[in-house]
Amino acid sequence: MQAVAVTAQGGPEVLQVIERPDPVPGPGQVLVRVLAAVVHPADVAARLGLIPGGPVEPPFLPGWDFAGEVVEVGDGGGGEYRPGDRVVGMVPWYRTRGAVGAYAELIAADADWVVPLPDGLAPTVAATVPLNALTARQALDLMELPPASTVLVTGASGGVGGFAAQLAVRAGHRVLAVAGRDDEDWVRDLGVAQVVPKEVDLAGIGPVPAVLDAVPLAESAAVAVVDGGILLTTRPTPPVDPARGVRQQVVLIRFDRELLRELIVEVARGRLRTRVATTLPLARAAEAHRIVEAGGVRGKVVLTP
């Protein structure tokens, strides 16, 4: 099979197409032909060596989220799956650390990494869900908010922020959502109570009891949370003055198969929105990384065969 590997730490040019033996599914695994793999900022960070736990020694395969078709099941079966089944899933990259990655034509995936891909939902769209939607839902669960709370979400034009805004609205909360430049209409259509332009000083928005800083903006978002409130971020940020009594926490993804199954169904039913900015062939992964690094992308960049 062909795959794209990070051959050294550095710029997008270190992403190279390589050939590897086709993986063989073991017991409890399924061999998936990848039809879509998402390029995340986390992949860029891995390429640069800027990830929790320290850099991974190249060469390694990047990529968390994928969708595709089961072509083989391992000895003893692949759980509920059979050849021909469409699936969507997530490589738990924090565990595999590049020994397995989604930037490949084939993945030998644990059956527990994938859920059924509903009819009518395109693989390119489904692949945008796992990492971002799970992170968003788990962030809201961590907040443990009382009913009808006010939540400020930064990065609501993006993956985590967009899902978080929608899920918070559906939970009955009042959502203030920071939109990307000229992307206010899309964010407004998520059902939020107020769209906050990217350029606005958030000190004038709060104080609010809870902030999900999905960008993260760090100090710029921390000023909006009330003393004694909750501040969740997607990456480590400078500590808030302890005297303020703010509960500050980094959201670390925890794979939850049943929750992913639920979220995928909601997307398939049109009850959760996501979007694809562009698709590129797997061999153009370096170009995809350049697009993601440049920022301002409306939707996800997806690699296809």
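Parameters at a glance
Residues numbered from 1 in each chain as written. Predicted model: local features only at pLDDT ≥ 70, side-chain atom pairs only at ≥ 80, totals over all residues. Heavy atoms only, no water. Helix = DSSP H or I, 4+ residues; strand = E, 2+ residues; numbered from the N terminus. Rg over C-alpha atoms; globule rule 2.2 N^0.38 Å. Buried < 20%, exposed > 50% of the residue type's maximum accessible area, 1.4 Å probe, protein only. Contact = heavy atoms within 4.5 Å. Core = buried A, V, L, I, M, F, W, Y, C linked by side-chain atoms within 4.5 Å. Axes fitted to C-alpha atoms, helices over the stretch in contact; angles between N-to-C directions. Parallel < 35°, antiparallel > 145°, perpendicular 65-115°, else oblique. Nonpolar A, V, L, I, M, F, W, Y, C, P; charged D, E, K, R; others polar. Pairing = 2+ DSSP bridges. Salt bridge = Lys/Arg side-chain N within 4 Å of Asp/Glu carboxyl O. Phe/Tyr/Trp six-rings, centres within 6.5 Å; stacked < 30°, edge-to-face > 60°. Lys NZ or Arg CZ within 6 Å of the ring centre and 35° of its normal.

1. Section: the overall build of the protein chain
For step 1, the next point in the chain: Along the backbone of the protein chain there are 9 helices and 15 strands.
For step 2, the next point in the chain: At 19 Å, the protein chain has a C-alpha radius of gyration in line with the 19 Å of a compact globule built from 305 residues.
For step 3, the next point in the chain: Once the C-alpha set of the protein chain is aligned to its principal axes, its extents read approximately 55 × 40 × 35 Å.
For step 4, the next point in the chain: Counting every position in the protein chain, which comprises 305 residues, the buried fraction comes to 53%.
For step 5, the next point in the chain: If you take every contact in the protein chain between residues at least 6 apart in sequence, the share linking residues at least 24 apart comes to 65%.

2. As for the nonpolar core
For step 1, the next point in the chain: Core analysis: the biggest nonpolar cluster contains 88 residues, and F66 and M143 have the highest contact counts within it.
For step 2, the next point in the chain: Those residues in contact with M143 that lie beyond four places of it in its chain are V151, A210, V211, L212, I230, L232 and R247.
For step 3, the next point in the chain: Of all hydrophobic cores here, the second largest spans 14 residues; its members include L176, V178, L202 and V211.

3. Considerations on the packing of helix α4 (residues 130-143) against helix α8 (residues 257-268)
For step 1, the next point in the chain: Taken N-terminus to C-terminus, the directions of α4 and α8 make an angle of 105 degrees; their axes are 10 Å apart at the nearest point. Overall, the two elements α4 and α8 adopt an arrangement that is roughly perpendicular. Contacts between α4 and α8 involve P130, A133, L134, R137 and Q138 on the former and, on the latter, L259, L260, E262 and L263.
For step 2, the next point in the chain: Looking at the contact of α4 with α8 residue by residue, the class counts come to 6 nonpolar, 1 polar and 2 charged.

4. Some words on the pairing of strand β11 (residues 208-213)
For step 1, the next point in the chain: Within β11, 5 of the 6 residues are buried, which leaves the element mostly enclosed by the surrounding structure.
For step 2, the next point in the chain: As paired strands, strand β8 (residues 150-154) and β11 are joined by 4 bridges and run parallel to one another. By the bridge assignment for β11, T154 is matched with D213.
For step 3, the next point in the chain: Relative to strand β12 (residues 225-233), β11 runs parallel, the two being bridged by 5 bridges. Looking at the pairing, A210 lines up with I230 of β12.

5. Things to note about the pattern of salt bridges
For step 1, the next point in the chain: Throughout the structure, instances matching the rule amount to 16 salt bridges.
For step 2, the next point in the chain: Note that R47 is salt-bridged to E293, the shortest N-O span being 2.9 Å. Separated by 246 residues along the polypeptide, R47 in helix α1 (residues 41-48) and E293 in helix α9 (residues 285-294) bring together distant segments of the chain.
For step 3, the next point in the chain: Salt-bridge contacts for E80 lead to R261; the nearest nitrogen and oxygen are separated by 3.2 Å.

6. Topic: the sheet that holds β8
For step 1, the next point in the chain: Ordered in space as β10-β9-β8-β11-β12-β13, the 6 strands form an open sheet in which the pairing is parallel. Looking at which strands have only one partner, the edges of the open sheet turn out to be β10 (194-197) and β13 (247-250). For this sheet the average axis-to-axis angle between neighbouring strands, irrespective of direction, equals 20 degrees.
For step 2, the next point in the chain: With respect to the sheet, helix α5 (residues 159-170) is in contact with β8, β9 (174-179) and β11, its orientation differing from that of β8 by roughly 165 degrees.

7. Some thoughts on the environment of D189
For step 1, the next point in the chain: Considering the arrangement of structural elements, one finds D189 in the loop between α6 (184-188) and β10.
For step 2, the next point in the chain: Put simply, D189 and L212 are 23 residues apart on the chain and 19 Å apart in space, counted from C-alpha to C-alpha.

8. Considerations on the environment of T124
For step 1, the next point in the chain: Here T124 is to be found in helix α3 (residues 123-126).
For step 2, the next point in the chain: Residue T124 is classed as partly exposed on the basis of its relative accessible area of 21%.
For step 3, the next point in the chain: Non-local contacts of T124, meaning those with residues more than four positions away in its chain, are made with A36, V276, T279, V302 and T304.

9. Quick look at the packing of aromatic side chains
For step 1, the next point in the chain: The full count for this structure, using the stated rule, is 2 aromatic pairs.
For step 2, the next point in the chain: With a centroid separation of 5.7 Å and an interplanar angle of 65 degrees, the aromatic rings of F60 and W93 are classed as edge-to-face. Of this pair, F60 sits in the loop between α1 and β4 (65-73) while W93 sits in helix α2 (residues 93-96), and the two are 33 residues apart along the sequence. Accessibility assignment for this pair places F60 and W93 in one class, buried.
For step 3, the next point in the chain: Both rings, one in W64 and one in Y94, keep their centres 6.0 Å apart while their planes meet at 45 degrees; by these two values the pair is tilted. With W64 in the loop between α1 and β4 and Y94 in helix α2, this residue pair connects regions lying 30 residues apart in the sequence.
For step 4, the next point in the chain: The ring of W186 carries R275 above its face, with NZ or CZ at 3.8 Å from the centroid.

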